[in-house]
Every structure is written in structure tokens, then in C-alpha cells.
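Geometric and topological summary
Read off the chains here:
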Amino acid sequence: MSGSVHQVLATLGYGDAIGHEVLGIQRVLQGAGYRSEIFVETADRRLEHLTTDYREMVGTIAPDDMLIHHFSIGSRASRTAYALPGRMALVYHNITPPEYFLDVHKDLVKLCFRGRRELTAYVHRCELALGDSEFNRQELEDLGFPCTGVLPVVPDFSHLDLPPNTMTADRFDDGWTNVMFVGRVIPNKKFEDVIRAFHVYRTKHNPRSRLLLVGSYSGFERYLAMLHGLVARLGTPEVHFLGHVSNEELTALYDVADLFLCASEHEGFCVPLIEGFYKQVPVMAYAATAVPATMDGGGVLYETKDPFEIARVMAAILEDGDVEDAIVASQDAALARLRGRDFGGTLLRFVDQLRATAPRPAPEVPYDFWAMFDQAERLEELRQFRPAIYRALPTSAEATVGKPTSDGGRPTSEKPELSLRASGSDGPRTSDLGRR
């Protein structure tokens, strides 16, 4: 096998789901004989030696090459990839709807809004658009991508096979019941719902219990403060925010966990659920977005927001060994189905599909393409948040200002064309962006 299939993404993180998938894809591609680099803007220092600066794509990518583009919130790497030659497959890991970050992280509200909107610019740039779940694939189809598919998450648990570092976990290995959740401390994951359910469980069912919340809160200190405020108002002890932990510490924490409780409202896949399956911890999860498909019949799904009802289910699982064994057995079966998927074969079939398309020269991108895209975005923000501004625009029944009639009288009744094209520019209108 010869040829180049490279990957590009904004950042390669250590220990996260996207990072595992990117490295897994590279292993498959190189094993099949392809030249394969990982181009990034930034990378965790522990992974930098595996990456190449995205600016080196310029002059490197040829029309016959293939580029797997992991789209995130939007980045310089993404915009550079857009303008290069080569056939492109976009991999979409989902972008959280911006409304979850209102009053918590105003910059992320804008970034998520822009990222979801910028995604539409790639509709006709990509020969193939892949979601890592059916939920994500459906979102791509709804956005207008003509050719979509599912590239499943790489079932790689090597990071949980490391010798456990028990320094953090030892203080929780004392016979108490440990309820656990793993995920970045961000609002869509609804940590407050986990805390409320745990409060009821501890108060009504088991006072010898604690809650272990594992995940980075960097950048979301305001949300973390709100959660601490909730804990204080409830008067619930034994709620532990453990922050970011190493893979060895994570393994040890799964070893002492008795139940994994997820209340997230928006997930593109949710890898920690599958980590719980792998570590044979009973998993309870709120049935939203991609979660039911990820669970695939394993664990326990719930649809209520009532913390008393959630706590009753928690108690039913934790107080009956036979129920717990049945849940773990269902998770083992779901995990076996996931691991039985031919990830490598699926990926290479998509690569073959991409190879069957004609080599692609660099698209024509006007110099102010992204400037006009950003301008249209700002106008859309105004339309959503300050709609009164648009009431000043002429209607079809109003006269065009400054346009005289043939007899020099009042202006004619004609609505002017409203365009986002800059004066003297050949940049795209908003309606052009999806067609370039």
C-alpha cells in the first residue's frame, strides 16, 4: 500500500477520547502501509514527539493525498486544512450546544456557537463526513453533508491496564460505598444532578457513602464554585472533587468505585461509560443524546430528573448483589459487541471510498473568505440577541432611500438587496458559504 493519509486537529490531548482515537487511527493507517502524520496546533508535552506543526501541511499536502480532519470548535489548523489540496474526510466528535455555557463561560458560548456554524462551511469541502456515533452522524446529515458514515470509537483500554497508583484511592478504600462520575467539570454533564441524587441516596438510604467526581475543571472555576455552593446548601458531606488525575490514579479510583452515575444531558459518545463497563463497575446513566446507543443494552438507563427516584434505583443496585451481577453481565455483553467491531477494517473501507474519488486541487478561497464568514456570524448573533436592530431595515413596502423616480418625485417602492459582500470584494455571501 502506498500513499499518504494524514490527520489534522486543533490539539492532541493526553488521556482523552479524541487523543486515543487519533493515535488508534494512525496505528491502523501505518499498519496498512500509508504514510500518516498528525498535524496539530498544540499537543500535550507528553505527545508532542508524535505530532507535526499544522503549518507544515502547506506545501506538503498534494491533490492525491487524503486528509482526515477531526473538527472541533474551529481552529487555525481547520481553516488551513480547508484551503489545501487533497481529499478530505471530516470526523465530527460533536460540539456542545452553546446554551449550556450561558452565565458560566461567555467565551465558550461564542466558541461553540461559531464552531457549530463553521462546520457548515465544510459541507462541500469534504468527500466524506463521519461521526463517531450514530447520533453525531445524524447531526452531520441534518446539516447537509451529502455522504456520511459512522467511524466507531476505538475501544482502547490500555490506559486502564497500567499498574494502579493507589495514593489517591487508598483513603476511599474503607468499606464505604463509593459513587463515582468521570468527566470534565462542565455544565452539559449536569454535575448538579449527580450531586442532588447522591444527597438523597446518602440521606435516605446509606449514610456511609461518598461521591467521587473525577475530571478537570480548568477554565470552569465559576461552574465549580456554583457546585460547591450547591453542596454547602444541601449540607452534604463526602462530596470530593478530585480534578484531573493520571491514568494510574484513574485505574485505582475505578477499582474502589461501587457505582458509576452519569446525569449528562449532551454527549457525542461518552467514553467513561465504556470505561466503567471495562472496569466492571455498575453504570447508571441518563438516557440523553448518544448515551443509549453507547450503552447498547448494558448498564441501567433512566429518564427521570427526580433525585428521589434516581436514589431509589441506586439503592436497588447497591443493596442487591444479584442485581449488580446482572448489570455487570449486561455491560460485559455490550462491551464484547463494541470490541467485536472491526474498527481497522471500517476505517480502511472509508479510506478506500475516499481513494475512489478524484484527486482534489486546492479549492478557490477568496482572501477574505473567513473574514466574511466571521462577519456573517456576528450579524447572526445580533439577529438572535438583539432582534430589535433588524426592525430598522426597509420592508418591501418601503422606499429605497436615495433612489429617485423617473419624474424626480418620491423614491420608488423597491426593497434593496442586502448583501454581506464587502465593498470592492469578491468574498462570499452568507448563502455562498455552503457551496464553496
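For the structure given in this document, a descriptive report is provided here. (Residues numbered from 1 in each chain as written. Predicted model: local features only at pLDDT ≥ 70, side-chain atom pairs only at ≥ 80, totals over all residues. Heavy atoms only, no water.)

Moving on: the packing of aromatic side chains. Following the criterion strictly, the structure yields 8 aromatic pairs and no others. Centre to centre, the rings of F71 and Y122 are 5.5 Å apart; their planes meet at 65°, and the pair counts as edge-to-face. Here F71 is found in strand β4 (residues 66–71), whereas its partner Y122 is found in the loop between α3 (106–118) and β6 (128–131), with 51 residues between them in sequence. Y122 matches F71 in its accessibility class, with the two residues each being buried. Members of the aromatic cluster, connected to one another through ring pairs, are F181, F191, Y254 and F260. Lying over the aromatic face of Y286, K305 brings its terminal NZ or CZ to 4.5 Å of the ring centre. (Phe/Tyr/Trp six-rings, centres within 6.5 Å; stacked < 30°, edge-to-face > 60°. Helix = DSSP H or I, 4+ residues; strand = E, 2+ residues; numbered from the N terminus. Buried < 20%, exposed > 50% of the residue type's maximum accessible area, 1.4 Å probe, protein only. Lys NZ or Arg CZ within 6 Å of the ring centre and 35° of its normal.)

Across its 14 residues, helix α5 (residues 191–204) extends 20 Å between first and last C-alpha, which sits within 8% of the 20 Å expected from 1.5 Å per residue. Of all 14 residues in α5, 11 are buried, a share of seventy percent or more. Of all the residues in α5, the buried ones are F191, E192, D193, V194, I195, A197, F198, H199, V200, Y201 and R202. Where α5 is buried, its residues touch β8 (177–182), β9 (209–214), α6 (221–234), β10 (239–243), β11 (259–262) and α10 (307–318). (Expected span 1.5 Å × (residues − 1). Contact = heavy atoms within 4.5 Å.)

This part takes up the pairing of β10. The element β10 is largely enclosed, with a buried count of 5 among its 5 residues. Side chains V239, F241 and G243 project from β10 onto one buried face, and the interleaved H240 and L242 project onto a second face that is buried too. Crossover handedness for the path β9 to α6 to β10: right-handed. (Right-handed = clockwise from strand over helix to strand, strands pointing away.)

By way of backbone hydrogen bonds, the strands of a sheet pair with one another, either parallel or antiparallel. Spatial ordering of the open sheet is given by β3-β2-β1-β4-β5-β6-β7, a layout of 7 strands whose pairing is parallel. Sheet topology places β3 (52–53) and β7 (148–150) at the edges, where each strand pairs with a single neighbour. With 4 bridges joining them, strand β5 (residues 87–92) and β6 adopt parallel strand pairing. Across the sheet, the residue bridging to V91 is L130, located in β6. (Pairing = 2+ DSSP bridges.)

With that settled, the discussion passes to the sheet that holds β8. Here we have 6 strands laid out as an open sheet, ordered β10-β9-β8-β11-β12-β13, and parallel in their pairing. Each having just a single partner strand, β10 and β13 (300–302) make up the two edges of the open sheet. With direction set aside, neighbouring strand axes in the sheet form an average angle of 25°. The strands touched by α10 are β8, β11, β12 (283–286) and β13; relative to β11, the strand with the most contacts, the crossing angle is about 160°. (Axes fitted to C-alpha atoms, helices over the stretch in contact; angles between N-to-C directions.)

For the rest of this paragraph, the subject is the pattern of salt bridges. Going through the model one piece at a time under the given rule, you end up with 20 salt bridges. Its salt-bridge partner being E118, residue R79 comes within 2.9 Å of it at the nearest N-O pair. Of this pair, R79 sits in helix α2 (residues 76–82) while E118 is found in helix α3, placing the two residues 39 residues apart along the sequence. With relative accessibility at 22%, the residue R79 sits in the partly exposed group. In this structure E118 comes out as buried when scored by relative accessible area, which is 4%. Among the salt bridges present, the one from D174 reaches R210, with a minimum N-O distance of 2.8 Å. (Salt bridge = Lys/Arg side-chain N within 4 Å of Asp/Glu carboxyl O.)

Keep in mind that these numbers describe shape and distance, not what the molecule does.
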